Structures are given as structure tokens and as C-alpha cells.
Amino acid sequence: MALKGIRVIEMAGLAPAPYCGMILSDFGASVTRIDRAPKKGQTVVHSLDTLSRGKKSVSVDLKHPEGVNVVRKLCSKADVLIEPFRKGVMEKLGLGPDKLMTDNPRLVYARLTGFGQTGPLSSKAGHDINYIATSGVLGQLGRKNENPYAPINLVADFGGGGLMCALGITMALYERSNSGQGQVIDANMVNGSAYMSTFLWTSRDLPIWSGERGDNNLDGGRGFYETYKTLDDKYVSVGALEPQFYDQLLTGLGLTDDEMPQFSDPDEMKKKFAEIFRSKTRDEWCKIFENLDACFAPVLDHEEAKYNKHNVETGIFIKDNNGKMEPAPAPKLSRTPAVTALPSRPNVGEHTKSLLIENGISKEDVQKLLDIGVVFQNTHSSSKL
């Protein structure tokens with residue numbers, strides 16, 4: 001596996017940081033999540049993190065100086081630290097880069113935040129929708145004459161956040177192979193979202209993206225790049241941008257270019273296409289377009305996508321031991337592939353004792369830390385997906 005031998009410490013969080021850690025884990029890194037210790041008297045703690053497959057969990061009370069020392073010990077032998085907190089939080093804990101990179105100059109210290117480490121918003125709270133709003137991306141998404149519309153939390157949390165951070169980490173690790181030195185990564189979601197959408201800025205003078213929101217070829221402004229409801233209340237997608245594909249689309253719909261030129265009135269085209277697509281079921285349309293190169297595809301729901309013939313043959317989804325499925329790691333590497341089966345998700349504190357001992361803390365000292373509540377060992381085995 002491409003990242004075999006890389007040791008990662010991930011401070012527990014939700015969405016972007018766990019996704020970043022999951023990518024690294026899927027490709028072979030050993031990822032340890034630092035979870036908060038439970039309240040006194042709790043014996044079982046559950047995590048809301050659903051992106052922890054293949055990771056291990058150490059549960060630590062970071063309010064206790066000894067807990068901070070435990071994390072410093074783990075980071076002293078790690079290659080990467082991922083932290084998802086607002087500016088200054090790690091410094092207040094005594095785990096800032098000044099401390100950890102003095103202990104371990106080879107450490108790649110990845111800071112994954114919303115607004116970054118500098119600027120007037122760096123200490124403000126926010127979520128995906130706020131980050132893409134600030135980046136200028138949200139203002140370009142949505143239907144004409146409607147409010148801007150956020151595509152769930154995919155752009156900032158996962159694309160501009162977790163994925164961009166994983167890219168930064170791999171670049172820093174590659175550079176370290178030459179310099180021997182780690183570095184600090186400021187992976188903030190405003191910057192990452194803007195960068196991911198560079199095309200929206202560089203294409204303003206092209207016909208494909210020159211109008212206002214919702215009035216362009218790719219954002220619902222044209223009937224040949226749109227979704228349509230079918231007779232059985234399902235949906236199909238068409239993306240016939242180029243003339244040759246548009247011709248094929250018209251063939252499938254039983255129309256001619258004289259009846260519906262590609263750049264005729266957008267509203268008239270949408271109305272006509274919607275009427276035709278509503279006349280047959282989704283499966284009937286799939287059959288009609290099966291041998292036409294019209295940039296047509298059925299809109300599959302969550303379950304259908306798992307069993308789509310193309311997705312099955314190309315391994316887009318993989319199973320865990322219980323037969324449940326999730327998207328497979330991407331991209332596919334020919335010599336050093338990622339995991340081919342889904343490992344379990346850890347329970348909070350499941351690996352506390354074994355990992356602390358593995359990192360040089362004696363059994364006696366680990367037991368003392370457990371006795372005084374600095375660390376927590378979960379007695380339940382890994383949760384299944």
C-alpha cells in the first residue's frame with residue numbers, strides 16, 4: 001500500500017478531518033484517533049464519526065497535564081498530525097507546532113480549519129455553507145432567480161477541506177523525503193473551496209459560464225444539461241453540451257434540429273424535454289439511449305448505485321465483513337492499491353492500552369494513567385459498519 005509505514009495522529013472531530021484521516025488510512029497509513037475521555041463513571045462511549053474505518057482509538061483527558069504528555073509522546077513518533085480545531089486551541093492545550101515540532105522536527109503538522117490561521121475570521125465559528133459563501137463559490141451555485149443553493153456539505157468539508165488536506169499531507173511527506181524536515185500545513189476550507197472551483201473564475205469569458213447564476217450551460221440554464229422526471233417519478237440526467245451529443249439526444253427524444261435547435265429558447269426547450277421524458281419510465285429511456293452517445297444517464301438513488309452494472313464491474317463500492325457497502329477508495333493504483341475490503345470502525349478508547357505500550361509507555365505507567373482517569377480503555381470490540 002502506498003502509505004504503508006506512515007503513522008498519523010488524528011485529533012477527533014467531525015467530517016473534514018476524519019475524511020482526511022480515512023483517505024490516508026485507506027491507502028495504508030496507520031491512523032490513531034485521539035478521542036476525548038468519557039465522563040466519570042461511563043464505561044462505554046460512542047463516537048459520531050462515521051469515517052473512521054481502519055483507524056485505532058486512544059481516549060485521553062486533554063484537560064489533565066498527563067493527558068497532554070500522552071499525546072506529545074504519540075506525536076513524537078508520528079509522521080503526521082491532523083488537527084481540526086479553531087485557531088489557538090492546540091496552543092492552549094500545549095500541543096501547538098512549536099512544542100510538537102521541537103519534539104519531532106520531521107512531523108507534518110496539518111491544521112484543517114474553516115477560515116485558516118490568519119485573517120479577521122480565523123477565530124470565528126462556521127460550517128461548510130459559511131466557508132463556501134466566503135470563498136465566492138456559493139454565490140455561483142443555484143437556480144436562476146432563486147437563492148444560492150449549497151450542495152449539502154460536499155464542497156468545503158470534503159472537497160476543499162479533507163481531500164485538499166490529504167493532498168497537502170502527501171506533498172509534505174514527499175518533500176520531507178528530500179529535506180528531512182516536517183512543516184505546518186494551513187488547510188482551510190475557504191481557500192480549499194475557492195481553489196477547487198478555479199474553473200468558475202477562469203471561465204467567465206467563455207460561453208459555457210458567462211452569465212449570472214442559473215443562466216449558464218452547466219448550472220441549469222440550458223435544457224440540454226439538466227435532469228428530468230420520468231413517468232415512474234424517477235429521474236434522468238442529460239449533459240449533451242457538444243453538438244454531436246445534442247444530435248444524439250434529439251434522436252432519442254424523437255426530435256429534429258429544426259424542431260429544437262440547440263440554442264433555442266431555454267425555457268421552451270426545458271418544457272418540451274420535460275414533457276417528452278415524462279411520457280416513459282426511466283428504464284424505458286435507458287433502453288432507448290443504450291446505443292446512443294447522448295451523454296445520458298439515469299439518476300440512481302443511494303441503493304441503486306451500489307448494484308449498477310458498471311459500478312459493480314469497476315469496483316466503485318466495496319463491502320465489509322457484514323456485506324454492507326461504502327464507496328471504494330479512489331483513485332486506483334496498479335502496484336500499491338488501497339484497501340479492498342472495509343475494516344471495522346473503532347470504539348472510543350478501544351486501543352488505548354495497546355497503543356500506549358506500543359509507543360514506549362510501560363504497562364505500569366499505563367495502568368496508573370487508567371486508574372487516575374487520564375486515559376480510558378474501552379472493553380468493547382470494534383463496531384461494525
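In this report, the structure presented in the accompanying data block is examined. (Residues numbered from 1 in each chain as written. Predicted model: local features only at pLDDT ≥ 70, side-chain atom pairs only at ≥ 80, totals over all residues. Heavy atoms only, no water.)

1. Comments concerning the layout of surface pockets
Empty space left among the atoms is revealed by rolling a probe the size of a water molecule over them.
Phase 1: Reported here for the largest pocket is a volume of approximately 1,300 Å³.
Phase 2: Forming the walls of the largest pocket are 43 residues, and the residues nearest its centre are Ala 12, Gly 13, Leu 14, Arg 36 and Phe 85.
Phase 3: Breaking the lining of the largest pocket down by element, the ones donating at least two residues are strand S2 (30–36), helix H3 (89–93), strand S5 (108–113) and helix H5 (128–135).
Phase 4: Here the lining of the largest pocket takes three residues from S2, the largest share from any one element.
Phase 5: When grouped by side-chain class, the residues that make up the lining of the largest pocket number 22 nonpolar, eleven polar and ten charged.
Phase 6: Estimated volume of the second largest pocket: approximately 550 Å³.
Phase 7: At the level of secondary structure, the elements contributing two or more residues to the lining of the second largest pocket comprise helix H1 (16–26), helix H6 (154–179), helix H12 (302–307) and strand S11 (325–327). (1 Å grid on protein atoms, 1.4 Å probe; cavity = no way out; pocket = protein on both sides within 12 Å on 5 of 7 lines; lining within 4 Å. Points joined across faces, edges and corners; volume = space filled by probe spheres on them. Helix = DSSP H or I, 4+ residues; strand = E, 2+ residues; numbered from the N terminus. Nonpolar A, V, L, I, M, F, W, Y, C, P; charged D, E, K, R; others polar.)

2. Some details on the sheet that holds strand S9 (residues 296–298)
Phase 1: Taken in spatial order, the three strands make up an open sheet running S7-S8-S9, and their pairing is antiparallel. Sheet topology places strand S7 (225–229) and S9 at the edges, where each strand pairs with a single neighbour. Neighbour to neighbour, the strand axes of the sheet diverge by 20° on average, direction disregarded.
Phase 2: As defined by bridge partners, S7 adjoins strand S8 (residues 235–239) across five bridges and the pair is classed as antiparallel. Directly across from Tyr 225, in S8, lies its bridge partner Gly 239. (Pairing = 2+ DSSP bridges. Axes fitted to C-alpha atoms, helices over the stretch in contact; angles between N-to-C directions.)

3. Comments concerning the nonpolar core
Phase 1: In terms of nonpolar packing, the biggest core is built from 27 residues, with Leu 81 and Leu 356 touching the most fellow members.
Phase 2: Listed by contribution, the elements that provide at least two residues to this core are strand S1 (7–11), strand S3 (56–60), helix H2 (65–76), helix H4 (97–103), helix H14 (352–358) and helix H15 (363–371).
Phase 3: Tallying contributions element by element places H2 first for this core, with five residues.
Phase 4: In this structure, Leu 81 is in contact with Ile 9, Met 11, Cys 75, Met 90, Leu 100, Leu 107, Val 108, Tyr 109 and Ala 110, ignoring residues within four places of it in sequence.
Phase 5: Among the nonpolar cores identified, the runner-up in size contains 23 residues, and Ala 17, Val 80, Ile 82 and Leu 173 belong to it. (Core = buried A, V, L, I, M, F, W, Y, C linked by side-chain atoms within 4.5 Å. Buried < 20%, exposed > 50% of the residue type's maximum accessible area, 1.4 Å probe, protein only. Contact = heavy atoms within 4.5 Å.)

4. Focus: the sheet that holds S3
Phase 1: Strand order across the open sheet formed by seven strands is S6-S5-S4-S1-S2-S3-S12, with mixed pairing between neighbours. Two strands in the sheet have a free side with no partner beyond their single neighbour: strand S6 (184–188) and strand S12 (375–376).
Phase 2: Sheet topology note: the S2/S3 ladder contains five bridges and is parallel. Pairing of Arg 33 across the sheet is with Ser 57, part of S3.
Phase 3: Packing of H6 onto the sheet brings it into contact with strand S4 (80–83), S5 and S6, and relative to S5 it is tilted by some 165°.

5. Focus: the packing of aromatic side chains
Phase 1: Applying the stated criterion across every chain yields a total of nine aromatic pairs.
Phase 2: Ring geometry for Tyr 228 versus Phe 273: centroids 6.2 Å apart, planes at 70°, classification edge-to-face. Of this pair, Tyr 228 sits in strand S7 while Phe 273 sits in helix H10 (residues 266–277), and the two are 45 residues apart along the sequence.
Phase 3: Three or more aromatic residues link up through ring pairs in this structure, and these residues are Tyr 228, Phe 273, Phe 277, Trp 285, Phe 289 and Phe 296.
Phase 4: One cation-aromatic arrangement involves Lys 280 over Trp 285; the distance from NZ or CZ to the ring centre is 6.0 Å. (Phe/Tyr/Trp six-rings, centres within 6.5 Å; stacked < 30°, edge-to-face > 60°. Lys NZ or Arg CZ within 6 Å of the ring centre and 35° of its normal.)

6. As for the pairing of S8
Phase 1: Following S7, the chain reverses through five residues before pairing antiparallel with S8; Asp 233 in that reversal takes a positive phi of roughly 60°.
Phase 2: By the bridge criterion, three bridges tie S8 to S9 in an arrangement that is antiparallel. By the bridge assignment for S9, Val 238 is matched with Phe 296.

7. Points about the packing of H1 against H6
Phase 1: Relative to each other, H1 and H6 sit at 45°, their axes nearing to 8 Å. Viewed along their axes, H1 and H6 adopt a mutual orientation that is oblique. As for how H1 packs across H6, the hand of that crossing is right-handed. Contact with H1, carried on its side by Pro 16, Tyr 19, Cys 20, Ile 23 and Leu 24, involves Asp 157, Phe 158, Gly 162, Leu 163, Cys 165, Ala 166, Ile 169 and Thr 170 of H6 and no other residues of that element.
Phase 2: A breakdown of the residues in the contact of H1 with H6 according to their chemical character gives ten nonpolar, two polar and one charged. (Parallel < 35°, antiparallel > 145°, perpendicular 65-115°, else oblique. Left-handed = near helix turned anticlockwise from the far one by under 90°.)

8. A short note on H15
Phase 1: Burial in H15 covers these residues: Val 366, Leu 369 and Leu 370. Along H15, the residues classed as buried sweep out an arc of 100° about the axis, all on the same side. Structural note: H15 exposes Glu 364, Lys 368 and Asp 371 on the side pointing more than 90 degrees away from its buried face.
Phase 2: Just downstream of H15 lies Gly 373, where phi reads positive at about 80°. (Arc of directions from axis to C-beta.)

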